[in-house]
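One letter stands for each residue in the lines below.
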Amino acid sequence: MPPIARLVPAAVAVVVLLAAGCGDNADEPAATVTAPPASATSAAPVPSTPASQQPHILVFTATGTAALTSVTYELDGKSTAVTDRKLPLRLSVDVPSDGLRHEWKLTIKHGKGNVELRAIFNGKVVGTSRGSTSGTGTASAGGSVLG
């Protein structure tokens, strides 16, 4: 038998095996493709939810010379007392990204000295207040933001 005649049955067998593997069989699960692992040089993790659904950040800051006696912030009527009452003060609050208006308020009671409050929403100043007293006083700022 010539050499080419011996190769034809082997080639046919290979083609038949390949064709059998390429068929569409609904009983078998589809192949799973996995992404390669993230490199160690990636800049930031990918959020698990789209950016449009990530919460907004409302940051309250307070600076000055007064001793603070109480710090409270409210978001949508829910009041939270802050236990760390030393200046400078920085608090970050998540605001839902829901397209709704959210009311906020920061209230600080303080002793002799001055206090300056600032509210920053997604990097933009949305409220400020200053207070100064030779006894005791209260400084507060409030407003609303769109979530």
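Refer to the structure printed above.
Residues numbered from 1 in each chain as written. Predicted model: local features only at pLDDT ≥ 70, side-chain atom pairs only at ≥ 80, totals over all residues. Heavy atoms only, no water.

Observations regarding the pattern of salt bridges
Counted under the stated rule, the structure contains 2 salt bridges. Arg118 is paired through a salt bridge with Glu116; the nearest N and O atoms lie 3.4 Å apart. Residues Arg130 and Glu116 are paired through a salt bridge, measuring 3.5 Å at the closest nitrogen-oxygen approach. A residue pair is termed long-range when its members are at least 10 positions apart, and Arg130 in strand β7 (residues 124-133) and Glu116 in strand β6 (residues 113-121) qualify at 14 residues. Within the structure, one salt-bridge network assembled from shared partners comprises Glu116, Arg118 and Arg130. (Salt bridge = Lys/Arg side-chain N within 4 Å of Asp/Glu carboxyl O. Helix = DSSP H or I, 4+ residues; strand = E, 2+ residues; numbered from the N terminus.)

Considering the sheet that holds strand β5 (residues 101-110)
As summarised here, the arrangement of the 4 strands in space is β3-β2-β5-β8, forming an open sheet in which the pairing is antiparallel. Across the chains shown, the open sheet's two edge strands, defined by having one partner strand only, are β3 (78-82) and β8 (137-146). On average, each strand axis in the sheet is tilted by 15 degrees relative to the strand beside it, whichever way the strands run. Sheet topology places β5 next to β8; 10 bridges connect them, and they run antiparallel. Considered in β8, the bridge of Lys109 is made with Thr138. (Pairing = 2+ DSSP bridges. Axes fitted to C-alpha atoms, helices over the stretch in contact; angles between N-to-C directions.)

Considering the sheet that holds strand β1 (residues 56-64)
The sheet built from 4 strands is open, its strands ordered β4-β1-β6-β7 with antiparallel pairing. The sheet is open, and its two edges are formed by β4 (89-95) and β7, each paired on a single side. Across the sheet, the mean angle separating the axes of adjacent strands is 15 degrees when strand polarity is ignored. The pairing of β1 with β6 spans 7 bridges and is classified as antiparallel. Residue pairing across strands places Val59 opposite Ile120, the latter belonging to β6.

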